[in-house]
Amino acid sequence: MYEAIERGRHSPTTADLVRATGVSRNACSAALAEMEALGMVQRQGHTWKTTTVNLRMLAARLGVMDDYLDQISRNRNERAAWHAYLDRFLTPKVEESVLFDPERDEYWLPPDDAAIWHAA
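None of these values were measured; they are calculated from a predicted model.

1. Here's the deal with the packing of aromatic side chains
- Scanning the model with the defined rule gives two aromatic pairs in all.
- Here W82 and Y85 contribute two aromatic rings whose centre-to-centre distance is 5.6 Å and whose plane-to-plane angle is 25°, an arrangement assigned as stacked. Linking W82 with Y85, this pair stays in helix α5 (residues 65–87), spanning three residues, or about one helical turn.
- Measuring from ring centre to ring centre gives 5.2 Å for Y85 and F89, while their planes differ by 75°; the resulting arrangement is edge-to-face.
- Residue classification places F89 among the exposed residues on the basis of a relative accessible area of 51%.

Written out as structure tokens, the structure is:
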């Protein structure tokens, strides 16, 4: 229900939420009333909007702090693994000394015009 409100392009009505989620009107109204009591959503006229709720405080009120902390830890580990994967594709900075040896003469003469015409 919360995701249907959050992902909608406009603030949905209760009827919109019933159609979008496929739950009964009574179940939808009960879920909306419970979320409104928790401060997750608020009704504005006939439409529903999400609020800025602190997830840590909400988890503490619902008694699911361990699950909340496990989810945060899992997200951090997955994010670290993703960044480690992406770091493999970074191009390291190449120093000029690696590409050019000042003690070695690497100058070459361009080919003359006759060699160019024969190659073509």
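2. A word on the pattern of salt bridges
- Across all of its chains, the model carries one salt bridge by this definition.
- In this structure, R19 engages D16 in a salt bridge whose closest nitrogen and oxygen atoms are separated by 2.5 Å. Here the residue R19 and the residue D16 both occupy positions in helix α2 (residues 14–21), the gap between them amounting to three residues, near one helical turn.
- Classification of D16 by relative accessible area gives partly exposed; the value is 23%.

3. Thoughts on the side chain of T14
- Checked against the element boundaries, T14 lands in helix α2.
- T14 sits in the buried class, given a relative accessible area of 6%.
- Excluding residues that lie within four positions of it along the chain, T14 makes contacts with R25, C28, S29, L32, R43, H46 and W48.

4. Quick look at the confidence of the model for the chain
- When pLDDT is averaged across the chain, the result is 87; 97% of the residues are at 70 or more.
- Per-element confidence in the chain ranges from a low mean pLDDT of 70 for helix α7 (residues 113–119) to a high of 95 for α5.

5. Side note on a nonpolar patch on the surface
- A cluster of nonpolar residues, W82, Y85, L86 and F89, forms a patch on the protein surface that exposes about 430 Å² of accessible area.
- Note on placement: L86 falls in helix α5.

6. Here we look at the nonpolar core
- Core analysis: the largest hydrophobic core is formed by ten residues, namely I5, L17, C28, L32, M35, L38, M40, V41, W48 and L58.
- Here this core takes four residues from helix α3 (residues 25–38), the largest share from any one element.
- Filtering out sequence-adjacent residues up to four positions away, C28 remains in contact with M1, T14, L17, V18 and V23.

The rules we used
- Residues numbered from 1 in each chain as written.
- Predicted model: local features only at pLDDT ≥ 70, side-chain atom pairs only at ≥ 80, totals over all residues.
- Heavy atoms only, no water.
- Phe/Tyr/Trp six-rings, centres within 6.5 Å; stacked < 30°, edge-to-face > 60°.
- Helix = DSSP H or I, 4+ residues; strand = E, 2+ residues; numbered from the N terminus.
- Buried < 20%, exposed > 50% of the residue type's maximum accessible area, 1.4 Å probe, protein only.
- Salt bridge = Lys/Arg side-chain N within 4 Å of Asp/Glu carboxyl O.
- Contact = heavy atoms within 4.5 Å.
- pLDDT = per-residue confidence, 0-100.
- Patch = residues over 30% accessible without salt bridge, like charges linked within 9 Å, V, L, I, M, F, W, Y side chains within 5 Å.
- Areas by Shrake-Rupley, 256 points an atom, 1.4 Å probe, with all protein chains shown as cover.
- Core = buried A, V, L, I, M, F, W, Y, C linked by side-chain atoms within 4.5 Å.

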